[in-house]
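# Structural characterization, general
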Amino acid sequence: MNNPILLIIQREFLSRVRKRTFLLVTILGPLVFAALLIVPGILASMPEEDKNVIVLDEAALIVPEKGKNEYQLEYLDPRENDLGSAKKFLVESSYDALLYIPTGENWDPDFIKNNILLFGKEDPSINMVQFLDGVVEDRLNKEKLLRNGVDPEVVAQSTTQVSIRSYTIGKDDEEDQQSATGLKMGLGYLAGVLIYFFIFLYAVMVMRGVIEEKSNRIVEVIISSVRPFQLMMGKILGIGAVGVAQFIIWVVLSGGVYFVVTNFLFPEMIATQAAAGPEGSGLNPVTGFEIYDQLRAINFPLILSGFVFYFFGGYFLYSAMFAALGSAIDQEADSQQFMMPVTVPMIIALVTAANVIQDPNGDLAFWMSMIPFTSPISMMIRLPFGIPIWEVILSGAILIVTFFAMVALASKIYRVGILMYGKKVTWKELYKWLKH
Amino acid sequence: MIKATNVTKRYSQKLALDAIDLSIPKGSVYGLLGPNGAGKTSFIRIMNQITAPDEGQVYFGDRALQPRDIARIGYLPEERGLYKKMKVGEQVLYLARLKGLSTAEAKLRAKKWFERLEMADFWEKKVEDLSKGMAQKVQFVTTVLHEPELLIFDEPFTGFDPINTNLIKREILRLSEEGATVIFSTHRMESVEEICDHIGLINNGQVMVEGPLLDIRKRYQNGTYSFVVKEAVEHWGDGTLIQESKHHTGHSYTLKFECYPGTVVSELAAKGTLVAFEEVLPSVQDIFIEIVENGAKLVPHE
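Moving on to the overall build of chain B. Of the regular secondary structure elements, chain B holds nine helices and 14 strands. Along the first, second and third principal axes, the C-alpha set of chain B runs to 70 × 45 × 30 Å. Going through the 302 residues of chain B one by one, you find that 52% of them count as buried. Of all intrachain contacts in chain B linking residues separated by at least 6 positions in sequence, the fraction that spans at least 24 positions is 67%.

So this is what it looks like as structure tokens:
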């Protein structure tokens, strides 16, 4: 005897995995994701074209500052020019921008700071404005210090950069572990965003599948062979399996890339880092080895298994809701108005991510990671910070229980919805189906 | 084969089936008739266990309908469709396996059917690349592939082109000869008389009339008779003329009488002009319209 749920899972899985787009998304997805992270950084650090700035420095504030590589500063004689002639000069010359520093009465630094103007032939880039701001600020600060009788040299010498190295104290015999707050924040955020992305992606896939079966009108044929509940669960599990396959491919791929990079491309770099040792790195606050040391402070098995668990928990919960929604509508275009309220909790979890990261053991973080509709995201954000295990277990248990309750509710709506055509469905209507 | 007792189905505002009793004999071709919204589809969905009745019981054979009976039923719903992106062959096998066939067995039978209906070259095609008529054939094969004892066709001819309609009529009759029980639901009466041997007429969730087609037509006989005579006849006693026509062998008349026109027949026979005399049974269409329009069970003429 064929088990119908297994057959459905198999069909849902194969029909998606065999599509060319699956392979494309699976392989290109991480590349695009990496590109999204890296490209803006590269773009920002790319050198700009050289810009020549002509300066009319009536206050004799920054003269004779030369500028730096991309921004060359040259000066007009303030005795022979005013702002009007300087602007005319800029238009006729090959200079890119004009910086105008006026002198007020009594050479008042606050007047000057408020009246500096920059004219560009094009919009001046943000980097250029920042650079010029810096130059001017530096001069004005020094000037103010001098007027108050303080030697700027003394101030410069007494400015101290502090970098505290923090540790989480080990219990009993455990070693103290260097805490890695920055790394944990990044990891938590990344995990939270990824899990949001995955849950949404696959839950919407379930909804699409349900709508497809309904608008193809094949659904009645299928449910004359299997129970609606089996069809719904088969679909949810089948698409979940697609997620697992994708995840495994990604883990294997990135493992492979890591292996190639460390063994063939930069083997000497790794070797140097390893040789340097903890003492060697003592002077330099963050070296590769330090990051390695910080990585040790993070419980990766917990985070990985947490990721898999919360992905499935969240996916099952949301995909059951999305399946019910899909059953209630005929056309995908109608899905928007219903999707919004359902996805709000996930969006709230994302929006509050910053607060959760700031205080991973606070009240907000605690409750957000207990409420099953937000816990997959909020708990993933907290997980790298190391939280009491009972909280993880409780949150997981709540998620599982809610999932079963949601599947029961969803299948009631689903059962009625898939056979209902041409009816504009309202929330009230959905509630009625629940009681059918 | 199927016996329904006191089956009631309520939807939120309306009573779709009002305590109906139906019995569908084994081996029959049973026409489940009724206007749109009469409750036919509700009853069909109950037989297919897509929905459960609120009250009453459906028997399959001599025991109550059970979940595993779905493997013995083939259902072609009114709203039909296939997975567009799936290949025909895969789809046929998938649907057959959902009905409990093994892959090997399903493949063997499907190939046979595809040969019979001249669709062998569909196998590797995607459904979206098929014409509508081709897809209809595929749909039909998926309904019958698991050799069900009970076949249920809901409005099978809507949307089918004339060639496929004929083909499917032929196949339905063949399956019936091979022993399958066929339920055939429609609100269009044209094909009922040539296919069905039993009918059940439902209106507003109630069974108006049920039984062997011929018996029902006899029960609804209302004194209409047809005559073929060699020479024109002027006087018909108390008969009301409904229709007359002239052709090369003589004249045809259809008349309605209050009671059996024995004297008229013997007079004409005595004159030697009577060629044929026949009782005209009402068509299913007539009975259907009469019942639906009068909205209540008629007392048939005795």
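Residue and element names in this part refer to chain B. The pairing of strand 9 (residues 198-203) with strand 10 (residues 206-212) spans six bridges and is classified as antiparallel. Bridge pairing in strand 10 links Asn203 to Gln206. What sits between strand 9 and strand 10 in their antiparallel hairpin is a turn of two residues, with Asn204 showing a positive phi close to 50°.

Residue-level contacts link 23 residues of chain A with 26 residues of chain B. Buried area between chain A and chain B, summed over both chains or domains, comes out near 2,500 Å², and the portion from carbon and sulfur atoms is 55%. Summed over the shared surface of chain A and chain B, the number is two salt bridges. Note that Glu220(A) is salt-bridged to Arg45(B), the shortest N-O span being 3.0 Å. Seen at the junction of chain A and chain B, the total is eight residue pairs in polar contact (both at pLDDT 80 or more).

Once that is clear, we can look at the sheet that holds strand 1 (residues 2-10) of chain B. Residue and element names in this part refer to chain B. Pairing in this open sheet of four strands is antiparallel, and the strands run 2-1-4-5 from one edge to the other. Edge positions in the sheet fall to strand 2 (15-24) and strand 5 (63-64), since each of these pairs with one other strand and no more. Here two bridges tie strand 4 (residues 55-60) to strand 5, and the two strands are oriented antiparallel to one another. Along strand 5, the bridge assignment pairs Phe60 with Arg63. Along the sheet face, helix 1 (residues 40-47) touches strand 1, strand 2 and strand 4 and points at about 65° away from the line of strand 2.

Under the defined criterion, the tally for this structure stands at 27 salt bridges over all chains. Ionic pairing is found between Glu90(B) and Arg18(A), a salt bridge with its closest N-O pair at 3.1 Å. Of this pair, Glu90(B) sits in helix 2 (residues 88-98) while Arg18(A) sits in the loop between helix 1 (4-17) and helix 2 (20-45), each in a different chain. One network of salt bridges, in which partners are shared, links Arg11(A), Glu12(A), Arg16(A), Glu213(A) and Lys235(A).

With that settled, the discussion passes to the confidence of the model for chain A. Looking at chain A as a whole, its pLDDT mean stands at 82, while 87% of the residues score no less than 70. Below pLDDT 50 for its whole length, residues 276-287 of chain A participates in nine contacts with residues either more than four positions away or in separate chains.

Tracing the sequence through the fold places Asn294(B) in helix 9 (residues 284-294). Here the alpha-carbon distance between Asn294(B) and Arg109(B), two residues 185 residues apart in the chain, equals 48 Å.

With nine of eleven residues buried, helix 2 of chain B lies mostly within the body of the structure. Where helix 2 of chain B ends, the next residue or the one after it, Gly100(B), has phi of about 100°, a positive value.

The next subject is the domain arrangement of chain B. The assigned domain composition of chain B is domain 1 (2-212) and domain 2 (222-280). Placing a centre on the C-alpha atoms of domain 1 of chain B and another on those of domain 2 of chain B gives a separation of 44 Å.

Cut-off values and rules
- Residues numbered from 1 in each chain as written.
- Chains lettered and ligands numbered in written order.
- Predicted model: local features only at pLDDT ≥ 70, side-chain atom pairs only at ≥ 80, totals over all residues.
- Heavy atoms only, no water.
- Helix = DSSP H or I, 4+ residues; strand = E, 2+ residues; numbered from the N terminus.
- Buried < 20%, exposed > 50% of the residue type's maximum accessible area, 1.4 Å probe, protein only.
- Contact = heavy atoms within 4.5 Å.
- Pairing = 2+ DSSP bridges.
- Buried area = accessible area lost by both parts, 1.4 Å probe.
- Salt bridge = Lys/Arg side-chain N within 4 Å of Asp/Glu carboxyl O.
- Polar contact = N/O pair within 3.5 Å; in protein donor to acceptor, adjacent residues only side chain to side chain.
- Axes fitted to C-alpha atoms, helices over the stretch in contact; angles between N-to-C directions.
- pLDDT = per-residue confidence, 0-100.
- Domains from an automatic or database assignment.

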